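Summary of the model geometry
The primary structure of each chain is shown beneath.
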Amino acid sequence: MKRIGVLTSGGDAPGMNAAIRAVVRKAIYHDIEVYGIKYGYQGLMEGNIEKMEIGSVGDIIHRGGTIIYSARSEEFKTDAGQEKGIEQLKKFGIEGLIIIGGDGSFRGAQKLTEKGYPCIGIPGTIDNDIAGTDFTIGFDTALNTIIEAIDKVRDTATSHKRTYIIEVMGRDAGDLALWAGLADGAESILIPEVKDEFDEVIERLKRGHERGKKHSIIVLAEGVGSGFDYGKRIEETSDLETRVTVLGYIQRGGSPTASDRVLASRLGGYAVDLLRKGEAGRMVGIQNNKLVNHDILEILAQPHTIDKDMYQLSKELSI
Ligand code: ADP
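Keep in mind that what you see is a predicted model, and the values were worked out from it rather than measured. (Residues numbered from 1 in each chain as written. Predicted model: local features only at pLDDT ≥ 70, side-chain atom pairs only at ≥ 80, totals over all residues. Heavy atoms only, no water.)

Taken together, 17 residues lie around the ligand, and Arg72, Ser73, Gly102, Asp103 and Ser105 are the ones closest in. For the ligand, an oxygen atom lies 3.3 Å from a polar atom in the backbone of glycine 11. For the ligand, an oxygen atom lies 2.4 Å from a polar atom in the side chain of serine 105. In isolation the ligand has 560 Å² of accessible area, and contact with the protein removes 87% of it. The site holding the ligand turns out to be the largest pocket. Counting residues per element, the shell around the ligand draws most heavily on helix α4 (residues 103-114), at 6 residues. Its residues placed into classes, the shell around the ligand shows 2 nonpolar, 9 polar and 6 charged. (Near = heavy atom within 4 Å. Polar contact = N/O pair within 3.5 Å; in protein donor to acceptor, adjacent residues only side chain to side chain. Areas by Shrake-Rupley, 256 points an atom, 1.4 Å probe, with all protein chains shown as cover. 1 Å grid on protein atoms, 1.4 Å probe; cavity = no way out; pocket = protein on both sides within 12 Å on 5 of 7 lines; lining within 4 Å. Sits in = over half its atoms within 2 Å of the grid points. Helix = DSSP H or I, 4+ residues; strand = E, 2+ residues; numbered from the N terminus. Nonpolar A, V, L, I, M, F, W, Y, C, P; charged D, E, K, R; others polar.)

To continue, consider empty space enclosed by the protein. Any space left empty among the atoms is revealed by the rolling of a water-sized probe across them. Summed over all chains, the structure comprises 1 cavity of 30 Å³ or more. What lines the largest cavity is simply Ala186, Glu187, Ser188, Ile189, Asp196, Arg204, Tyr311, Ser314, Lys315 and Ser318. The dominant element in the lining of the largest cavity, judged by the number of residues it contributes, is helix α11 (residues 308-317), at 3 residues. Each residue belonging to the lining of the largest cavity can be placed in one class, and the counts come to 3 nonpolar, 3 polar and 4 charged. (Points joined across faces, edges and corners; volume = space filled by probe spheres on them.)

Moving on, we come to the side chain of serine 188. As for its position among the elements, serine 188 is in strand β7 (residues 188-190). In this structure the side chain of serine 188 is engaged in a polar contact, spanning 2.9 Å, whose partner is the side chain of arginine 204. Residues in contact with serine 188, not counting those within four places in the same chain, are Val201, Arg204, Ile217, Ile218 and Val219. (Contact = heavy atoms within 4.5 Å.)

Turning our attention to the UniProt feature "active site" (unreviewed entry) in the protein chain. Those residues carrying the UniProt feature "active site" (unreviewed entry) are Asp127 in this numbering. Within the fold, aspartate 127 resides in the loop between β5 (119-123) and α5 (139-160). Apart from the residues within four sequence positions on either side, aspartate 127 is in contact with Gly170, Arg171, Ala173 and Asp175. (UniProt positions renumbered as here; feature names shortened; annotations may be inferred.)

A sheet is described by the order of its strands in space; here 7 strands give the open sequence β3-β2-β1-β4-β5-β10-β11, paired in mixed fashion. With partners counted over all chains shown, the strands left at the sheet margins are β3 (49-52) and β11 (290-295), one partner each. The sheet shows a mean angle of 30° between the axes of neighbouring strands, direction not considered. Pairing geometry for β5 and strand β10 (residues 282-287), over 2 bridges, is parallel. The residue bridging isoleucine 120 from the neighbouring strand is arginine 282, located in β10. (Pairing = 2+ DSSP bridges. Axes fitted to C-alpha atoms, helices over the stretch in contact; angles between N-to-C directions.)

Time to look at the domain arrangement of the protein chain. Its domain assignment divides the protein chain into domain 1 (3-138 + 256-301) and domain 2 (140-252). When each unit is reduced to the centre of its C-alpha atoms, the spacing between domain 1 and domain 2 is 34 Å. Contacts between domain 1 and domain 2 engage 15 residues on the former and 13 residues on the latter. Together domain 1 and domain 2 conceal approximately 1200 Å² of surface at their shared face, both sides included; 49% is due to carbon and sulfur atoms. The largest per-residue losses of area from domain 1 upon contact with domain 2 belong to Ile126, Asp127 and Thr257, which jointly make up 42% of the total buried on that side. Inspection of the region where domain 1 meets domain 2 yields 4 salt bridges. A salt bridge links aspartate 12 to arginine 252, with the nearest nitrogen and oxygen atoms 3.4 Å apart. Remark: the boundary between domain 1 and domain 2 carries 11 residue pairs in polar contact (both at pLDDT 80 or more). Of the residues that constitute the side of domain 1 that touches domain 2, the class distribution is 4 nonpolar, 5 polar and 6 charged. (Domains from an automatic or database assignment. Buried area = accessible area lost by both parts, 1.4 Å probe. Salt bridge = Lys/Arg side-chain N within 4 Å of Asp/Glu carboxyl O.)

The next point concerns the layout of surface pockets. Considered as a void within the structure, the largest pocket measures approximately 580 Å³ in volume. Considering the residues around the largest pocket, the lining is formed by 29 residues, among which Ser9, Gly10, Arg72, Gly104 and Ser105 are closest to the centre. Residue contributions to the lining of the largest pocket peak at 6 residues, all from α4. Tallied by class, the residues present in the lining of the largest pocket amount to 5 nonpolar, 12 polar and 12 charged. Taken domain by domain, the lining of the largest pocket gets at least three of its residues from each of domain 1 (3-138 + 256-301) and domain 2 (140-252). Taken as a whole, the second largest pocket spans an internal volume of roughly 320 Å³. Lining the second largest pocket we find 18 residues, and of these Thr133, Asp134, Asp175, His304 and Thr305 sit closest to its centre. Here the lining of the second largest pocket gets 3 residues from one element, more than from any other, and that element is helix α6 (residues 175-183). If you count residues domain by domain, the lining of the second largest pocket takes at least three from each of domain 1 (3-138 + 256-301) and domain 2 (140-252).

Written out as structure tokens, the structure is:
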């Protein structure tokens, strides 16, 4: 393989730049040319493609976002859209593609692979919602952003003796909420994977108050529903004063943590190795600190799961 392309697609995540850098440098190290495809699949169809050099990825390892931008494209989900993309790949002489993104992006990668263009997927999403890898790029950074925010809310919570609900991202996955809740000693962690009875949540809050707790923190994953609705429900059924904070897009930004930079560098380098070996339709990941790769179709068919033991532990620690 003499020429490959790299693109970032779907929701951006801190550490994507470190992954782009690793792909570009590793490929050039092995005498492979790299083309950056801007704005994901949308840019691919439009031929928004530029050659990248060693210097193109200088000074980006510590930056959030993605220097080649991201996009969502409905057109690319169609056969005609994918054919348009393939025409551009042919025009630029690109023989293989590395796609950094979430599960939607991997569906696109699978389609291109089926049509004869070898693709390798790198999991980049703050949600940690992809099977076959212990962590996705961006999860650790988002988690640390959440922790910093909750620590601040905790200060004001203590001053006013209130119950605070912190709504965090994660789409349908509860990983960000679970890890943040455990790391911050939350009273309750509400995630879509486990049904936490409302009465039980109220019971725990009341118990805490009775033994003199100065504040309560509830971490709620967006997949469960609106933090504001939950807060209203608590106020309607108890005498607990409640405040809600929706952290929103701050969770997507910021300089990637060391863990995310190292993960992104390892996965980026490994993805290039797989293309060099002639692999296609694979997703790279990390499991038990070892680099692994899986068939993309198999990964997409697997439901996301959370660590039930960790969830149980969080409950036992918030008695
Ligand atoms: P993420 O990759 O973060 O999960 P999306 O689900 O929005 O984000 O997917 C990103 C993009 O991947 C979509 O906008 C679309 O262009 C492409 N994509 C998603 N699903 C498919 C599909 N079934 N076939 C082809 N391309 C797809």
